[in-house]
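Secondary and tertiary structure notes
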Amino acid sequence: MNDSTERELMVIVERAVRPVRASVSRKRRMREELLEHLAAVFESEMEQNTDIQAGMERARRRFGDPAKLTEELQQAVPWWDRANYICDIARLEPGDSLIHFFARLAVMVMTIFFAVMLALWLVVLPAWIAEGKFGRETLFVATGIWIVGMFFVVFPFIFISVAKRTGRALYGEPGQRSKWLAVRWILAAMLVFLPLFFWTFAIFINTSGWGVAAFWFTCFLSLTFSLILLYFSRQSSDAQWANLELEN
Amino acid sequence: MKTIDGDKLRGHLETMVLSALERGEAHGLEILRRLEHAGCGLLRLKEGSLYPALYRLEAAGKVKVVKEQPGEGRRGAPRRIYRLTTKGRRELAKGREDWALFVRTMDAVVGGLA
């Protein structure tokens with residue numbers, strides 16, 4: 001089977017799978033399995049016929065209506081699949097770099113840690129208010145939560161969200177692709193990163209000399225993060241499938 | 001020759017898949033071949049529909065999946081082999097009872113035997 005035939009088969013599969021709302025790993029599995037099946041169907045059709053287009057048409061007919069298949073696939077996605085998003089983060093995929101994998105893992109672990117910390121804090125807070133215990137201890141815990149939350153929840157959340165949108169703008173469906181949109185997302189990320197970094201470091205360092213130097217340092221950090229974000233936006237998109245043009 | 005298409009099979013596909021897997025573990029295409037063979041060529045399934053049924057059965061613990069790594073003569077992604085579980089066997093037995101009841105009832109109503 002040549003590349004263009006395989007691409008045509010991928011388009012048939014992608015028409016059914018792309019609209020399904022499911023985790024990346026589940027959709028990847030659907031794509032792989034359906035493509036393998038469709039390729040086998042096409043090959044069996046080609047054993048009886050030498051015309052590629054006629055074989056493709058028959059394979060398409062045997063495969064079924066993509067819109068109907070989308071509906072059926074969506075119904076087969078369990079409600080807990082959204083939790084699989086966490087597993088996607090923690091799974092070492094073929095071709096993944098170790099740095100990429102551990103960065104995802106660290107974000108996941110710290111998100112859970114932050115959630116537990118926050119829950120504990122909310123549990124003890126009413127008691128502390130009742131006892132009038134709003135001293136240095138509370139401030140210390142609050143600062144800790146702020147720093148942990150910023151570094152391991154707020155930054156990664158913005159990072160992943162913008163990376164996905166940038167990825168879509170650069171490598172998404174042809175109609176949605178726009179380099180200017182990607183540039184705007186990167187600039188927006190920089191503008192968000194800048195004050196967040198600045199305030200976080202100001203709380204962390206807590207010195208009066210933390211002025212101009214901090215500003216340049218946070219500028220540098222937000223630029224670095226935005227560039228890393230560009231790299232991640234490519235990594236996070238399933239480019240081979242995402243680049244398929246689905247128009248007739 | 002008249003055929004039986006996917007719409008008429010709605011609601012029975014999962015039991016049919018379990019029944020095909022009773023003969024031994026298989027990947028999607030093999031399951032389909034078994035169904036077509038058992039249906040003497042009269043069954044006309046929309047083949048893509050087999051997979052949502054398999055995913056539902058897997059989510060319900062009625063089948064389990066084993067990955068077969070690409071080996072000699074086969075390249076690409078690992079192939080998924082489906083295997084019936086104990087829960088799946090119980091479900092198949094229940095499906096058969098339901099089917100027998102359905103056939104008896106429909107035969108009495110539509111077949112004019114009553």
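Predicted model, so just to flag it, every value in this text is computed and none were measured.

**A few points about the overall build of chain B**
Check the secondary structure of chain B and you find five helices and four strands. The order of helices and strands in chain B, counted from the N terminus, is β-α-α-α-β-α-β-β-α. When the 114 residues of chain B are sorted by exposure, 34% land in the buried category. Residue pairs in contact within chain B that sit at least 24 positions apart in sequence constitute 52% of those at least 6 positions apart. As displayed, chain B offers around 7,000 Å² of accessible surface, 54% of which is attributable to carbon and sulfur atoms.

**Details of the overall build of chain A**
If you tally the helices and strands in chain A, you get ten helices and zero strands. Reading the helices (α) and strands (β) of chain A from amino to carboxyl end gives α-α-α-α-α-α-α-α-α-α. Considering chain A as a whole, with its 248 residues, one finds that 36% of them fall into the buried category. When contacts within chain A are restricted to residue pairs at least 6 apart in sequence, those whose partners lie at least 24 apart make up 67%.

**Some details on the nonpolar core**
When a protein is soluble and globular, its nonpolar side chains tend to lie buried together. A:Val13, A:Leu34, A:Leu73, B:Val17, B:Leu21 and B:Ile31 are the most contacted members of the largest nonpolar core, which totals 48 residues. Elements with a minimum of two residues in this core: helix H1 (3–17), helix H2 (24–48), helix H3 (52–63) and helix H4 (66–75) of chain A together with helix H2 (13–21), helix H3 (28–38), helix H4 (50–59) and strand E4 (79–84) of chain B. Membership of the second largest hydrophobic core comes to nine residues, among which are A:Ile158, A:Phe159, A:Ala189 and A:Phe197.

**So, the pattern of salt bridges**
As enumerated under the stated definition, the model contains 17 salt bridges over all chains in all. A salt bridge links B:Glu58 to A:Arg29; its shortest N-O distance comes to 2.7 Å. In this pair, B:Glu58 is assigned in helix H4 and A:Arg29 in helix H2, connecting two distinct chains.

**A look at the interface of chain B and chain A**
Taken together, the contacts link 23 residues of chain B with 19 residues of chain A. Taking both sides of the interface into account, the surface hidden between chain B and chain A amounts to around 1,900 Å²; carbon and sulfur atoms contribute 50%. Our count for the contact surface shared by chain B and chain A stands at four salt bridges. A salt bridge links B:Arg80 to A:Glu32, with the shortest nitrogen-to-oxygen separation between them at 3.0 Å. Taken together, chain B and chain A are joined by eleven residue pairs in polar contact (both at pLDDT 80 or more). Contributing elements (two or more residues each) for the side of chain B that touches chain A: H3, H4 and E4 of chain B. Examining the composition of the side of chain B that touches chain A, we find that six residues originate from one element, H4(B), more than from any other. For the side of chain B that touches chain A, the residue count by class is eleven nonpolar, three polar and nine charged.

**Let's talk about the packing of H2(B) against H3(B)**
Two quantities define a packed helix pair, namely the angle between the axes and the distance from one axis to the other. All names here are of chain B. At their nearest, the axes of H2 and H3 sit 9 Å apart, and the two run at 100° to each other. Of the possible angle classes, the one that applies to H2 and H3 is roughly perpendicular. Two secondary-structure elements touch here, H2 through Met 16, Val 17, Ala 20 and Leu 21 and H3 through Ile 31, Arg 34 and Leu 35. In the contact of H2 with H3, the residues fall into six nonpolar, no polar and one charged.

**So, the packing of H1(A) against H2(A)**
Residue and element names in this part refer to chain A. In contact at an axis separation of 9 Å, H1 and H2 are set at 130° when each is read in the N-to-C sense. In terms of axis orientation, H1 runs oblique to H2. Seen along the crossing, H1 lies across H2 with a hand that is right-handed. Every residue of H2 that contacts H1 at Thr 5, Glu 6, Leu 9, Met 10, Ile 12, Val 13, Glu 14 and Val 17 is listed here: Lys 27, Met 30, Arg 31, Leu 34, Leu 35, Leu 38, Ala 39 and Phe 42. Along the lines of polarity and charge, the residues of the contact of H1 with H2 split into eleven nonpolar, one polar and four charged.

**With respect to the confidence of the model for chain A**
A residue-level look at chain A finds 62% of positions with pLDDT of 70 or above and a mean pLDDT of 74. When pLDDT is averaged over each element of chain A, H4(A) comes out on top at 91 and helix H5 (residues 84–90) of chain A at the bottom at 57.

**Description of H4(B)**
When you tally the buried positions in H4(B), you get seven out of ten residues, the bulk of the element. Listed in full, the buried residues belonging to H4(B) are B:Leu50, B:Tyr51, B:Pro52, B:Ala53, B:Leu54, B:Tyr55 and B:Leu57. Summarising the contacts, the buried residues of H4(B) are in contact with H2 and H4 of chain A together with H2, H3, strand E3 (63–68) and E4 of chain B. After H4(B) finishes, the residue B:Gly61 shows a positive phi value of roughly 75°.

**Re the environment of A:Phe197**
All names here are of chain A. Inspection of the secondary structure puts Phe 197 in helix H8 (residues 179–205). For Phe 197, a relative accessible area of 1% translates into the label buried. The spatial distance from the C-alpha of Phe 197 to the C-alpha of Thr 218 is 5.8 Å, given a sequence separation of 21 residues.

Criteria and thresholds
- Sequence positions are assigned chain by chain, starting from 1 and proceeding in written order.
- Lettering of chains starts at A and numbering of ligands starts at 1, both following the order in which they are written.
- Reporting of local features is limited, given that this is a predicted model, to residues whose pLDDT is at least 70; pairs of side-chain atoms are given and counted only at 80 or more, and all residues count toward the totals for whole chains, interfaces and linings.
- Working from all heavy atoms in the structure, the side-chain values ignore hydrogens and water.
- Per the convention used, a helix needs a DSSP run of H or I reaching at least four residues, while a strand needs a run of E reaching at least two, with both numbered from the N terminus.
- Here the term buried applies to any residue with accessible area under 20% of the maximum for its type, exposed to any over 50%, and partly exposed to those in between, with areas from a 1.4 Å probe on protein chains only.
- Contacts are residue-level and defined by heavy atoms, with any inter-residue pair within 4.5 Å sufficient.
- Exposure was quantified through the Shrake-Rupley algorithm and a 1.4 Å probe, taking into account, for residues, occlusion by the shown protein chains and nothing else.
- Only buried Ala, Val, Leu, Ile, Met, Phe, Trp, Tyr and Cys residues count toward a nonpolar core, and they belong to the same one when joined by side-chain atoms within 4.5 Å.
- Any Lys or Arg side-chain nitrogen located within 4 Å of an Asp or Glu carboxyl oxygen qualifies as a salt bridge.
- As used here, buried area is the combined drop in accessible area, with a 1.4 Å probe, of two parts when they are placed together.
- Polar contacts, as used here, are pairs of N or O atoms within 3.5 Å; protein pairs need one atom able to donate a hydrogen and one able to accept it. Residues neighboring in sequence count only if both atoms are side-chain atoms.
- Charged residues are taken to be Asp, Glu, Lys and Arg, nonpolar residues to be Ala, Val, Leu, Ile, Met, Phe, Trp, Tyr, Cys and Pro, and polar residues to be all remaining types, Gly included.
- Whenever a helix is involved, its axis is fitted only over the stretch in contact; in every case the axis is a line through C-alpha atoms, and angles between N-to-C directions fall within 0 to 180 degrees.
- Roughly parallel refers to an angle under 35 degrees, roughly antiparallel to one over 145, roughly perpendicular to one between 65 and 115, and oblique to any angle outside these ranges.
- Take the far helix as your reference; a near helix turned counterclockwise from it by less than a right angle gives a left-handed crossing, and one turned clockwise gives a right-handed crossing.
- A residue's pLDDT is the predictor's confidence in that residue, given on a scale from 0 to 100.

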